[in-house]
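# Notes for the structure review
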Amino acid sequence: MAPFDAGTGGILRQPKAVWATAGASVVAFMGIGLVDPILPSIAEGLDATAGQVSLLFTSYFLITALAMLVTGFVSSRIGGRKTLLLGLALVVVFAGLSGTSGSVGELVGFRAGWGLGNALFVSTALAVIVGAAAGGGAAAILLYESALGLGMACGPLLGALLGDASWRYPFFGTAFLMAVGFLCIAAFLKEQPKPARRTSPLDPLRALGHGGLASTAVSAFFYNYTFFTVLAFTPFVLDMSPYRSGAVFFAWGVLLAVFSVIAAPRLQRRFGSLRVLGGSLVLLAADVLVLGYGDHTTAVVCTVLSGAFIGVNNTVYTELALGVSDAPRPVASAGYNFVRWFAAAAAPWFAPKIEEWTDAHVPFVVAAVTAVLGALVVAVRRRALALPHPRLHSGGGTPDAEDPQARHAAGDGATALTN
């Protein structure tokens, strides 16, 4: 069995607290792709350049990366429920303020505050879902990946529908939906026991001393540069109306969700996680290269197709980050995310700059190179990534060197996950 080979019934039979957290997670992930279809509209409305508008991603993910060092510090002191509510409250405030922005500088600043709230919420949500879910870690993380995929799919669609009237409306819409998520979690999620040991801001950095986790983070760094070149730079290349752009990225998000939740586990079961990850990264590199040099129709097709490879990569990287080291999962996840989100901050800024210095093709060449570099890290560090650990599901089974992420021993439960 694959590490996340959970039945559909196991995913669906969940407590209300899990559904409330997963629902709010959908909206949180919607916020990432929300601005995609309206980037040109924001640039026009605020009289800004593509490079300036792309800072909406840069500020968001830069703060998200830095916040990863303190999310565990906060949640281990005030508890998972209060951390989720604090994160949601910050998103509500700063998403609402984003809609009132009078300049691109204000909007970039408000997106930074949004990134802080999102970091507190998203980093804690996975731990809460795994800790509270029925059916073991397999069902819980598939549910989390489903929320990610659904959010990434619906974000551009919501952005297009509301943004067609005004670029401000998607921000107000997100604030409203996150307020609903706040009320649901306040009503249905009970406070979980605080961990016996409080987390230090330095713990995620110490966790990166593990060779396998560090290799996962570095490979994911290169991959995320490619990912966010597609997400943040492609809308300017496609140059479509909000509706058309939203439809393209909705289709992209649907493929991301399907391949993340359904295709990735099956491919892992057949070929092994590291082979699947390396192959998917190489295919993503080829896809973005064709995207950059093809005609408009080809660019649209390749943009949508990239969602399949991104979905597979997201699932495998998440499993590796949670299972390749002996660090508590929240600490390992924080260290991993601290590294990879810097690429998400860099790509939206560098891609337009590279276009200014060269032409519109070269940013995609760079993105293809970074995807290949991610695959090379997996190949070179294969032994560090293939340490045998118990599987990441409660059903037991023989450790598989091909699946280091399968380290979810029965009994290593909610206490570690709420650190």
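Residues numbered from 1 in each chain as written. Predicted model: local features only at pLDDT ≥ 70, side-chain atom pairs only at ≥ 80, totals over all residues. Heavy atoms only, no water.

Here the focus is the overall build of the chain. Across its full length, the chain carries 17 helices and 0 strands. Burial statistics for the chain: of 419 residues in total, 59% are counted as buried. A separation of at least 24 residues holds for 84% of the contacts in the chain among residues at least 6 apart in sequence. For the chain, the computed accessible surface area is about 14,900 Å², with 67% contributed by carbon and sulfur atoms. (Helix = DSSP H or I, 4+ residues; strand = E, 2+ residues; numbered from the N terminus. Buried < 20%, exposed > 50% of the residue type's maximum accessible area, 1.4 Å probe, protein only. Contact = heavy atoms within 4.5 Å. Areas by Shrake-Rupley, 256 points an atom, 1.4 Å probe, with all protein chains shown as cover.)

With that settled, the discussion passes to helix H5 (residues 80-98). Over its 19 residues, H5 runs 27 Å from end to end, which matches the ideal 27 Å to within 8%, given 1.5 Å per residue. When H5 is considered as a whole, its buried residues turn out to be Gly80, Thr83, Leu84, Leu85, Gly87, Leu88, Val91, Ala95, Gly96 and Ser98. (Expected span 1.5 Å × (residues − 1).)

Residues other than glycine predominantly adopt negative phi, and peptide bonds predominantly adopt the trans conformation. Residues other than glycine seldom take positive phi values, yet Asp47 does so here, at roughly 55 degrees. Tracing the chain through its elements places Asp47 in the loop between helix H3 (39-45) and helix H4 (50-78). The phi dihedral of Asp239 is positive, around 50 degrees, even though this residue is not glycine. Note on placement: Asp239 falls in the loop between helix H10 (211-238) and helix H11 (242-271). Judged by its relative accessible area of 61%, Asp239 falls in the exposed class.

Inspection of the secondary structure assignment puts Leu84 in helix H5. As for Leu84 and Asn118, which are separated by 34 residues in sequence, their C-alpha atoms are 9.2 Å apart. Other than its neighbours up to four places away in sequence, Leu84 contacts Thr21, Phe121, Thr124, Ala125, Val128, Ile185 and Leu189.

Before going further, it helps to examine the packing of helix H14 (residues 329-357) against helix H15 (residues 362-380). Relative orientation and spacing of two packed helices are given, respectively, by the angle between their axes and the distance between those axes. Two numbers describe how H14 lies on H15: the axes approach to 8 Å, and their chain directions differ by 130 degrees. Judged by the inter-axis angle, H14 sits oblique to H15. Judged by residue contacts, Ala351, Ile354 and Glu355 of H14 engage Val362, Pro363 and Val366 from H15. (Axes fitted to C-alpha atoms, helices over the stretch in contact; angles between N-to-C directions. Parallel < 35°, antiparallel > 145°, perpendicular 65-115°, else oblique.)

Summarising the model, the chain shows a mean pLDDT of 82, and 86% of its residues fall at 70 or more. In the predicted structure, residues 1-9 sits below a pLDDT of 50 and forms 25 contacts with residues beyond four places in sequence or in another chain. pLDDT under 50 marks residues 388-419. Its contacts with residues more than four places away, or in other chains, come to 97 contacts. (pLDDT = per-residue confidence, 0-100.)

Scanning the entire structure with this criterion turns up 1 salt bridge. Its salt-bridge partner being Asp203, residue Arg206 comes within 2.8 Å of it at the nearest N-O pair. One end of the pair, Arg206, and the other, Asp203, are both in helix H9 (residues 203-207), 3 residues apart, so they sit about a helical turn from each other. (Salt bridge = Lys/Arg side-chain N within 4 Å of Asp/Glu carboxyl O.)

Before going further, it helps to spend a moment on H4. Because the α-helix completes a turn every 3.6 residues, residues three or four places apart line up on one side. The end-to-end C-alpha separation of H4 is 40 Å, in line with the 42 Å expected for 29 residues at 1.5 Å each. At Met68, H4 shows its strongest bend, of approximately 45 degrees. (Bend = angle between axes of the 7 residues up to and from the residue.)

Taken as a whole and assessed by the stated rule, the structure comprises 16 aromatic pairs. An angle of 80 degrees between the planes, with centres 6.2 Å apart, marks the rings of Tyr60 and Trp114 as edge-to-face. A residue pair is termed long-range when its members are at least 10 positions apart, and Tyr60 in helix H4 and Trp114 in helix H6 (residues 104-132) qualify at 54 residues. By the burial criterion, Tyr60 is buried, and Trp114 matches it. Ring geometry for Phe61 against Trp341: centres 4.9 Å apart, planes inclined by 20 degrees, an arrangement best described as stacked. Separated by 280 residues along the polypeptide, Phe61 in helix H4 and Trp341 in helix H14 bring together distant segments of the chain. What makes Phe61 buried here is its relative accessible area of 1%. One aromatic cluster is present, built from ring pairs that chain together Tyr60, Phe61, Trp114, Trp167, Phe171, Tyr223, Phe227, Phe228, Phe249, Trp252, Tyr317 and Trp341. (Phe/Tyr/Trp six-rings, centres within 6.5 Å; stacked < 30°, edge-to-face > 60°.)

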